[in-house]
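Residue-level structure breakdown
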Amino acid sequence: MRRRLIAVLLAIFLTPASAALAAPATWSPPSNLVTPLNQVWQHQEQTYNNGNLYGFRNYGWDQIMANRGYINYCVRWDSSASVTAAQRDQIHAALARQHKKWMDELVGHNAWPYGDVPVKVVGWAVRNRSQLQWTDTSVDIYVNDIRENAPQCSTPCGRFFHQNGQYPSCPGGYARHYDQSLWLTDGFGGGAGGDWGQRMGREYFMNNINTADMTILLHEIGHTWGLDDFYDWTPSGVSNFIMRAGSSASITEFDAWMFRDWWRHLKSRYGY
């Protein structure tokens, strides 16, 4: 009777988040991926941050841990097009869906502490306020603050500009800070990604807003979390994965294990 009661209580209280907390601290990639994973990590250690990969403190991992489990975004609308409230909400939803594809690869793995990582869009930057066809106050709006020849979200609120995680001059305070920017540019080909966020063509994003796998965005989110590019070399025994541009349209098993390998090597930074 007592065992049954314990089992019932566990079934009630062991939520997805707590299940992730209870996950064992193990590292068990498929045997055929061990060698290429080791090659990738060694390459990253040798080439990142002048050979000091661990000295950099603004990977996506640092951002999520500072927030205790969520990521805030600001949209840089580098475009002459107008945006309706419905399109705004579609953009937010598409970003959240694609971000979740990476986060789901960590749930229940190697003591990863979160069952879900919400994405919140807290601001928009635009050249002309009239382009944004809504009047509600759900997001902060920054008008004609130009940086890199594009609308810029508030620098006092940006993690890229305040990597100590303090935002004393952000009008909305910590709740309205943003960790990353989604930078959508008219006519931009390909993509770019880093600790600051992701950039791609506005047309590409809007044309693919309902696709299951927005390949360029998924690839660039990978960079934000530290994953490498593979333009000049390929790990042994693998050739098709999303971080090798043009070889896969979606996250593969190898991408997932490269992602988890970052957590394996950085988790002690956060006490796991």
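Preceding this section is the structure that the text describes.
First, a word on scope: everything that follows refers to the structure included in this document. (Residues numbered from 1 in each chain as written. Predicted model: local features only at pLDDT ≥ 70, side-chain atom pairs only at ≥ 80, totals over all residues. Heavy atoms only, no water.)

Describing the state of the cysteines
All chains considered together, the criterion is met by two disulfides. Across the disulfide from C74 sits C153; the S-S distance is 2.2 Å. Taking the sign of the S-S torsion, -95° for the link of C74 and C153, the bridge is left-handed. Taken together, the positions of C74 in strand β1 (residues 71-78) and C153 in the loop between β7 (150-151) and β8 (180-185) put the pair 79 residues apart, joining distant regions of the chain. Pair check on accessibility: C74 and C153 agree, each one buried. One disulfide bridge connects C157 with C170, the sulfur atoms lying 2.1 Å from each other. In this structure, the disulfide formed by C157 and C170 twists by about 100° around the S-S bond and is classed as right-handed. With C157 in the loop between β7 and β8 and C170 in the loop between β7 and β8, this residue pair connects regions lying 13 residues apart in the sequence. Both residues of the pair, C157 and C170, count as buried. Here the cysteine-cysteine linkages of the protein are recorded as 1-2, 3-4, numbering only bonded cysteines and doing so in sequence order. (Disulfide = S-S within 2.5 Å. Helix = DSSP H or I, 4+ residues; strand = E, 2+ residues; numbered from the N terminus. Buried < 20%, exposed > 50% of the residue type's maximum accessible area, 1.4 Å probe, protein only.)

Some thoughts on the sheet that holds strand β3 (residues 119-126)
Hydrogen bonds between backbone groups are what pair the strands of a sheet, and the pairing can be parallel or antiparallel. What the six strands build is an open sheet, ordered β5-β3-β1-β8-β10-β9; its pairing is mixed. Looking along the sheet, the strands with just one partner apiece sit at the ends: β5 (140-143) and β9 (191-194). Averaged over all neighbouring strand pairs, the angle between strand axes comes to 15°, with direction disregarded. As paired elements, β9 and strand β10 (residues 197-201) share four bridges and run antiparallel to each other. Paired with G191 across the two strands is M200, which belongs to β10. Contacts from helix α5 (residues 85-103) reach β1, β3 and β8 within the one sheet, and its direction differs from that of β3 by about 135°. Each of β1, β8, β9 and β10 is contacted by helix α7 (residues 215-224), which is oriented at about 155° to β10, the strand it contacts most. (Pairing = 2+ DSSP bridges. Axes fitted to C-alpha atoms, helices over the stretch in contact; angles between N-to-C directions. Contact = heavy atoms within 4.5 Å.)

Digging into the packing of α5 against α7
α7 packs onto α5 with a crossing angle of 55° between their chain directions and a minimal axis gap of 10 Å. With respect to their mutual orientation, α5 and α7 come out oblique. As α5 packs across α7, the resulting crossing turns out to be right-handed. Side by side, α5 and α7 meet where L95, Q98, H99, K101 and W102 of the first sit next to L217, L218, I221 and G222 of the second. (Parallel < 35°, antiparallel > 145°, perpendicular 65-115°, else oblique. Left-handed = near helix turned anticlockwise from the far one by under 90°.)

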